[in-house]
Amino acid sequence: MTTMTQGPALAPSNRIMSIDVMRGLIIIFMMLDHVRERFFLHVPVSDPMDIHTTPPELYFSRYLAHLCAPVFVFLTGLSAWLYAHPANKPYRSPSKFLVTRGLFLIFLELTVVYLVWASSFTTIFLQVIWAIGLCMLALSVLSRMNYWLIGVLGFTIVIGHNLLSPVSFTPDEWGYSIWTLLHDRGYLIADGPVPVKVSYPVLPWIGVILVGYFAGPIYQHSRSLAERKKWLLTAGLTCYATLLVLRGFNLYGEAADWHTQTSALLTIMDFFNFTKYPPSLNFLLMTIGTGLLLLCLFETVDNPLTKALNVFGSVPMFVYLLHLYALLALYGVLYVFYGDNQGSRFGFDSIVMVWAVTALLPVVLYKPVKWFAGYKHREKRNKPWLTYF
């Protein structure tokens, strides 16, 4: 295996190791949020979080999960560029690749993922997997445009979509459904046996996947490690600097201004309290900026932890589905033994238990994940369906 100090280390399948390590870390943060949703839902958090009612330990636990969707969508766009521009080979259109995988993700959201939460919620929530699927379908069309136009459109959406916040429609108006899909959370189907609600309006996420595609050339085969690290570091710090100016002076990019609070901790919480649904510009600057800096770090960090994260990140969809059903099974066992100790649900009394289960979960799942990763890398040429995981 090529070492990480010699460039983006490649797994046996020629995957870029630093990207898989990044995905693996994000998966751990995602596990934390799903453990919270499974066992700590009786302590609700709003969007943005109410800093006066949300304990700091819950606030920052939830904040780690903020990285998940932006980084996953950004890396999806970047990976699509890498697919379209294989090393030492001619360009190949990513459209079919994106369409098949986008439809597959939407199918999973409406079936396998929904079944995990069906016992907890009576509503179908169209969430991150659905949003990534739609973004892939959008990119399948938009990737045919000129490369620079893709970048301009992506940055325009990411930077400018906050200007659309005043636009709204009532459920009886003709534009309500499309605007619910694109920008405002709401019910697509409010009445009926199974209501359907959009949790992730996709317009900003389409901007993110386009920006990710535009960033793809930083991982082209001819680019040196030093160049790539310099680009990642500069881009990440630029995101942070822009955020500090826009948020520091309450100029743009967030619905609510921040204010000095009664303590330094509350003031920090208020400053970084960004809107996720849909993701504000400040939310994206913080999360994608952090992702870029971590990618820079993972270019040259090689230790047992990053090797384990690489295993998880090389089969992200398999891990996603596996950990959801593992948590569902654990919930069922605990419910049998302890019953509904939190209203109509079983739940932990302390966020510490959420952290403990999150720390244990990757350890328990590591062997099956490693087995599947090895199986995928060995057999995917003969079994193309493995590439969907």
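Here the structure is a predicted model, which means the values were calculated and not measured. (Residues numbered from 1 in each chain as written. Predicted model: local features only at pLDDT ≥ 70, side-chain atom pairs only at ≥ 80, totals over all residues. Heavy atoms only, no water.)

## Digging into unusual backbone geometry
With an omega of -10°, the peptide bond between D47 and P48 qualifies as cis. On the secondary structure map, P48 appears in the loop between helix 1 (17-39) and helix 2 (56-65). In this structure, the amide linkage connecting Y277 to the following residue, P278, adopts the cis form with an omega of -10°. Its identity as a non-glycine residue notwithstanding, N250 has a phi of 50°, on the positive side. The topology assignment puts N250 in the loop between helix 9 (225-248) and helix 10 (264-271). (Helix = DSSP H or I, 4+ residues; strand = E, 2+ residues; numbered from the N terminus.)

## Here's the deal with the packing of helix 13 (residues 316-338) against helix 14 (residues 351-379)
For any two helices packed against each other, one specifies the inter-axial angle together with the distance between the axes. Interhelical geometry of helix 13 versus helix 14 gives an angle of 130° and a closest axis separation of 10 Å. One element, helix 13, and the other, helix 14, form an angle in the oblique class. Helix-helix and strand crossings are classified by hand; for helix 13 and helix 14 the assignment is right-handed. For the pair helix 13 and helix 14, the contacting residues are F318, V319, L322, H323, A326, L327 and L330 in the first and V357, L361, L365, P368, V369 and F372 in the second. The residue makeup of the contact of helix 13 with helix 14, split by class, is 12 nonpolar, 1 polar and no charged. (Axes fitted to C-alpha atoms, helices over the stretch in contact; angles between N-to-C directions. Parallel < 35°, antiparallel > 145°, perpendicular 65-115°, else oblique. Left-handed = near helix turned anticlockwise from the far one by under 90°. Contact = heavy atoms within 4.5 Å. Nonpolar A, V, L, I, M, F, W, Y, C, P; charged D, E, K, R; others polar.)

## Some thoughts on the sheet that holds strand 2 (residues 186-189)
In a beta sheet, neighbouring strands are held together by backbone hydrogen bonds and run either parallel or antiparallel to one another. Pairing in this open sheet of 3 strands is mixed, and the strands run 1-3-2 from one edge to the other. Because the sheet does not close on itself, it has two edges, and the strands there are strand 1 (124-126) and strand 2. With strand direction ignored, the average angle separating the axes of adjacent strands in the sheet is 30°. (Pairing = 2+ DSSP bridges.)

## Notes on the layout of surface pockets
Of the volumes computed, that of the second largest pocket is approximately 510 Å³. Lining the second largest pocket are 23 residues, with F155, V211, A235, C239 and L292 positioned closest to its centre. Counting residues per element, the ones that place at least two in the lining of the second largest pocket are helix 6 (147-160), helix 8 (203-214), helix 9 and helix 11 (281-298). Split into classes, the residues belonging to the lining of the second largest pocket amount to 20 nonpolar, 3 polar and no charged. (1 Å grid on protein atoms, 1.4 Å probe; cavity = no way out; pocket = protein on both sides within 12 Å on 5 of 7 lines; lining within 4 Å. Points joined across faces, edges and corners; volume = space filled by probe spheres on them.)

## Concerning the packing of helix 1 against helix 3 (residues 68-84)
It is the contact of helix 1 with helix 3, at a shortest axis distance of 10 Å, that shows an interaxial angle of 155°. With respect to helix 3, the axis of helix 1 lies roughly antiparallel. In terms of crossing hand, the pair formed by helix 1 and helix 3 is left-handed. Here I19, M22, R23, I26, I27, F29 and M30 of helix 1 lie close against helix 3, whose contacting residues are C68, V71, F72, L75, L78, S79 and L82. In terms of residue class, the contact of helix 1 with helix 3 is made up of 12 nonpolar, 1 polar and 1 charged.

## Notes on the nonpolar core
Ranked by internal contacts, the top residues of the largest apolar core, which has 118 residues, are M22, F74, W205 and Y320. Here this core gets 14 residues from one element, more than from any other, and that element is helix 1. Apart from the residues lying within four places of it in its own chain, the contact partners of F74 are V208, V211, G212, A215, I288 and L292. (Core = buried A, V, L, I, M, F, W, Y, C linked by side-chain atoms within 4.5 Å. Buried < 20%, exposed > 50% of the residue type's maximum accessible area, 1.4 Å probe, protein only.)

## Concerning the confidence of the model for the protein chain
Looking at the protein chain as a whole, the pLDDT averages 92, with 96% of positions reaching at least 70. For residues 1-13, every residue scores under 50 in pLDDT, and the model assigns this stretch 35 contacts once sequence neighbours within four places are set aside. (pLDDT = per-residue confidence, 0-100.)

## What about the pattern of salt bridges?
Under the defined criterion, the tally for this structure stands at 6 salt bridges. A salt bridge links R36 to D33; its shortest N-O distance comes to 3.0 Å. Of this pair, R36 and D33 both sit in helix 1, 3 residues apart, roughly one helical turn. Exposure remark for D33: the relative accessible area of 8% places this residue in the buried category. Between D33 and R62 there is a salt bridge, and its shortest N-O distance comes to 2.7 Å. One end of the pair, D33, is in helix 1; the other, R62, is in helix 2, with 29 residues separating them in the sequence. Several salt bridges converge on common partners, so that one network encompasses D33, R36, E37 and R62. (Salt bridge = Lys/Arg side-chain N within 4 Å of Asp/Glu carboxyl O.)

## Re the side chain of N282
Tracing the sequence through the fold places N282 in helix 11. Under the relative-accessibility criterion, N282 is labelled buried at 1%. Each residue touching N282, except ones within four places of it in the same chain, is listed here: L243, L246, R247, Y252, G253, E254 and F274.

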